[in-house]
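# Structural features, examined
The residues making up each chain are set out below.
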Amino acid sequence: MADKNSIMRPETAAIHVPDARHDGAMAPPIHLATTFEHGPAYEPLSGHQYSRESNPNTVELEARLTALEQGDWAFAYGSGMAAGAALLDSLALGAVVVFHNSLYHGFRFLAQDLESKGRIKALFADLNDPQALSAALAQKPALLWMESPTNPLLEILDIASLSEAAHNAGARLVVDGTFASPALQQPLALGADYVVQALTKYIGGHSDVMAGALIGKAPDEAESFHRGRTLSGGIISPFTAWMASRGLQTLHCRMEKHCANAAKIAAALNDHAKVDIVHYPGLASHKGHDIAKKQMSDFGGMVSIELTGGREAALKMASKVKIFTNATSLGGVESLIEHRASVEGVDATSPQGLLRLSVGLEHFDDLIIDLLNALNC
Ligand SMILES: *Cc1c(COP(=O)(O)O)cnc(C)c1O
C-alpha cells in the first residue's frame, strides 16, 4: 500500500485511504463505541481502549490530514480553537509567543486571556515588516504564530522565510492554514513546524461540522500532544470525525470552484466606484500576490472589500444582499457576507468599512448580480 500511496496525487489520496474500507463497504462505518475490549491485564486487543484517547474514526481522519499536510502526525479536536489552545498549552510557563497582527479574533482573545494569567507572554507584531520581526525575535519567543492568508485582511506572509527566521532565533513556527486549507498550501513542507486547521471551515465544507486539528512533523512530539489531548479531553467525536473525513474527499474539487468564483468576484468589484479596496491575493495589485503565487496552488475563496462609504455603506450593503447570507464562519457551499468589525465588538481591529465574503459554490452570475444590486441600492 505504501507504494500505491506514494504515487497518488493529493486529490486521489484524499479519496482513497489505505485500510479505510471494512467488509467491502465504500463508506467507512461510524464507531460510536466509547470503550473497546482489552485483555484481563488491560492488554490492547484492537489498538483502541477508550474513545477519549482514540477511536477508529479519529485515527482515519488524522491519517488523511497527516498525508495531505505532509506531516508526521495529526490530532483532531472538537474545534479549531481547541486545536490551537492545545499547542499553546504545550508551552512552558511564561513562554513568549509572537502573533502576527492580523489574527483570527478568537486566538487574539485567547492570547490576551492567557497573558493576563501569566500563562504566556503574548506579543503582537507585523511579521511582514523586517524591523518589527527582528525586534520580536529579540524577545526570544518559543513560538511565532501566523495565518496566511490572514483573517479578514487576506494578508500573505512568506511561510518559508518566516520559518527560517524563526528557526534561526530558536523559535517554532505555527501556521493557521484555515483560509487556504491543505488543498492549496502545505506549510509543513515550506518549513513550518505546526499547522492549525479549523476543520469547521473548508474541510467540513458544508457548515455542519465543528472541529479542528493540529498537525506537526516532529515524530518525538506526537506522544505528548496525544497525552495532552487525552487528559484535557478535547478529542473530536467519532461522528464529527467521520463527517470531516467525508469533507476531505471533496475538498480539492470544492476549492477549485471556491477559488474560481472568488477570483471573478474580486476582479469585478475591483473596478467598482463604491469599492475602495478589494483584498484578494489573486489580484496582481495585492501586496502579497507574488508570495501567494509561490506558496499556494490557488488564491482561495475568501474576499474582503472595503467600501468608500465606510461603516454605513458596509452595513447597508450587508442588509441588501439576497443570495449572500449574513452569517459568521466560512468555507461552506453557500456564500456568506459579514461585517467583521461588528462581530469583533468594541475592541474591533477590522476596518469599519470592511465586508468579508466567503464565496460559495453557487453560479457566479447569481453571486455577482446579488453583490452589484446590493452595492447599487
Ligand atoms: C474559524 C477559525 C478558527 C477557529 O475555528 P473553530 O472551529 O471555530 O474553533 C481559527 N482560525 C481561523 C483562521 C478561523 O477562520
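Residues numbered from 1 in each chain as written. Predicted model: local features only at pLDDT ≥ 70, side-chain atom pairs only at ≥ 80, totals over all residues. Heavy atoms only, no water.

## Observations regarding empty space enclosed by the protein
Gaps between atoms show up when a probe of the same size as a water molecule is rolled over them. The test is simple: Using protein atoms alone on a 1 Å grid, points that fit a 1.4 Å probe yet trap it form a cavity, whereas open point sets bounded by protein on both sides within 12 Å along at least five of seven lines form a pocket; residues with an atom within 4 Å of a point count as lining. Grid points are joined across faces, edges and corners, and a volume is the space filled by probe spheres set on the points. Each helix corresponds to a stretch of at least 4 residues labelled H or I by DSSP, and each strand to a stretch of at least 2 residues labelled E; elements are numbered beginning at the N terminus. Under the grouping applied here, Gly and all other residues not named as nonpolar or charged are polar, the nonpolar ones being Ala, Val, Leu, Ile, Met, Phe, Trp, Tyr, Cys and Pro and the charged ones Asp, Glu, Lys and Arg. Those domain boundaries reflect an automatic or database domain assignment.
Within this structure, the stated rule accounts for one cavity of 30 Å³ or more. Lining the largest cavity, in full, are H105, R108, F109, E344, D347, A348 and T349. It is helix α5 (residues 105–116) that contributes the most residues to the lining of the largest cavity, three residues altogether. Class assignment of the residues belonging to the lining of the largest cavity gives a composition of two nonpolar, two polar and three charged. No fewer than three residues from each of domain 1 (4–248) and domain 2 (252–376) sit in the lining of the largest cavity.

## Side note on helix α9 (residues 222–232)
Within an α-helix, residues lying three or four positions from one another point in the same direction, as the helix has 3.6 residues per turn. Note the cut-off: The buried label applies to any residue whose accessible area, calculated with a 1.4 Å probe on protein chains only, is under 20% of its type's maximum; exposed applies above 50%, and partly exposed to all values in between. Comment: arc refers to directions from the helix axis out to C-beta atoms. What makes two residues a contact is simply this: any of their non-hydrogen atoms within 4.5 Å.
For α9, the complete set of buried residues consists of A222, F225, R229 and T230. With its buried residues spanning 135° around the axis, α9 presents them on a single face. Opposite the packed face of α9, turned more than 90 degrees from it, sit the exposed residues E223, R227, L231 and S232. Looking at the buried positions of α9, the neighbouring elements they touch are α3 (56–69), β1 (73–77), α4 (80–89), β6 (194–198) and β7 (212–216). Positive backbone phi, approximately 80°, marks G233, located one or two places after α9.

## Digging into the sheet that holds β1
Pairing between the strands of a sheet is mediated by backbone hydrogen bonds and can be parallel or antiparallel. Short version of the rule: Here, a strand pair is defined by DSSP locating no fewer than two bridges between the strands. Angles shown run from 0 to 180 degrees and are taken between the N-to-C directions of axes, each axis being a line fitted to C-alpha atoms and, for helices, limited to the stretch in contact.
Strand order in the open sheet formed by seven strands is β1-β7-β6-β5-β4-β2-β3, and the pairing between neighbours is mixed. The strands lining the two open edges of the sheet, one partner per strand, are β1 and β3 (120–125). Between one strand axis and the next, the sheet turns through 20° on average, direction left out of account. In terms of strand pairing, strand β4 (residues 143–147) meets strand β5 (residues 172–176) through five bridges, oriented parallel. Directly across from M146, in β5, lies its bridge partner V175. Packing against the sheet, α5 makes contact with β2 (95–100), β3, β4, β5 and β6, and its axis sits at approximately 140° to β3.

## Observations regarding a positive patch on the surface
This is how it is decided: Nonpolar side chains (Val, Leu, Ile, Met, Phe, Trp, Tyr) are joined into patches within 5 Å and like charges within 9 Å, using only residues with over 30% relative accessible area and no salt bridge. For accessible areas, the Shrake-Rupley method is used with a probe of radius 1.4 Å. Any residue's cover is judged against the shown protein chains and nothing else. When a carboxyl oxygen of Asp or Glu is within 4 Å of a side-chain nitrogen of Lys or Arg, the pair counts as a salt bridge. His is not counted, nor are the chain ends, whereas Lys and Arg count as positive and Asp and Glu as negative. Every charge is mapped onto a representative atom, which is NZ of Lys, CZ of Arg, CG of Asp or CD of Glu.
The grouping of K274, K316, K320 and K322 at the surface amounts to a positive patch. Counting through the fold element by element, K316 comes out in helix α12 (residues 310–320).

## Topic: the site of the ligand
Rules: The near set for a molecule or strand comprises every residue that places at least one heavy atom within 4 Å of it. Residues adjacent in sequence count toward polar contacts only when both atoms are side-chain atoms; beyond that, a polar contact is any pair of N or O atoms within 3.5 Å, and within protein one must be able to donate a hydrogen and the other to accept it.
Among the 15 residues in the neighbourhood of the ligand, the closest are listed as G80, M81, D176, T200 and K201. G80 is positioned such that a nitrogen or oxygen atom in its backbone is 2.9 Å from an oxygen atom of the ligand. Here an oxygen atom of the ligand sits 2.8 Å away from a polar atom, N or O, in the side chain of K201. Relative to its unbound accessible surface of 370 Å², the ligand loses 94% to contact with the protein. Residues belonging to the shell around the ligand are distributed by class as follows: eight nonpolar, five polar and two charged.

## Here we look at a nonpolar patch on the surface
Taken together, I30, L32 and F239 make up a surface patch of nonpolar side chains, about 300 Å² in accessible area. Relative to the assigned elements, I30 resides in the loop between α2 (10–13) and α3.

## Structural notes on the domain arrangement of the chain
For clarity, the cut-off: Values labelled buried area give the accessible surface lost by two parts on being combined, using a 1.4 Å probe and summing over both.
With domains assigned, the chain is organised as domain 1 (4–248) and domain 2 (252–376). The straight-line distance from the C-alpha centre of domain 1 to that of domain 2 is 26 Å. Interface of domain 1 and domain 2: buried area, both sides summed, is about 2900 Å²; carbon and sulfur atoms make up 61% of it. By the criterion of area lost to domain 2, the three top residues of domain 1 are I156, L184 and Y202, representing 26% of everything that side buries.

## Description of the sheet that holds strand β8 (residues 275–279)
Read across the sheet, five strands follow the order β8-β9-β12-β11-β10 without closing on themselves; strand pairing throughout is mixed. Every other strand in the sheet has two partners, leaving β8 and β10 (325–326) as the edge strands with one partner each. Direction of pairing for strand β9 (residues 302–307) relative to strand β12 (residues 354–358): antiparallel, over a ladder of five bridges. Considered in β12, the bridge of M302 is made with S358.

## A few points about the state of the cysteines
So the rule is basically this: Counting rule for disulfides: a pair of cysteine sulfur atoms within 2.5 Å.
Going through the model one piece at a time under the given rule, you end up with zero disulfides. C259 supplies the cysteine sulfur nearest to C253, a cysteine that is in no disulfide, at a spacing of 12 Å. The exposure class of C253 is exposed, given its relative accessible area of 55%.

## Quick notes on the side chain of T58
With respect to the helices and strands, T58 occurs in helix α3. In this structure T58 comes out as buried when scored by relative accessible area, which is 1%. Each residue touching T58, except ones within four places of it in the same chain, is listed here: R229, I235, I236 and A241.

## Describing unusual backbone geometry
Along the chain, S148 connects to P149 via a cis peptide bond; the corresponding omega equals -10°. Within the secondary structure, P149 is located in the loop between β4 and α7 (159–168). With an omega of 0°, the peptide bond between N151 and P152 qualifies as cis. Summarising the element assignment, P152 is placed in the loop between β4 and α7. Positive phi values are uncommon outside glycine, yet Q70 reaches one of about 55°. If you trace the backbone, Q70 turns up in the loop between α3 and β1. Overall, Q70 belongs to the partly exposed group, its relative accessible area being 49%. The backbone of S329 sits at a positive phi, close to 75°, despite the residue not being glycine. Along the chain, the position of S329 falls in the loop between β10 and β11 (336–338).

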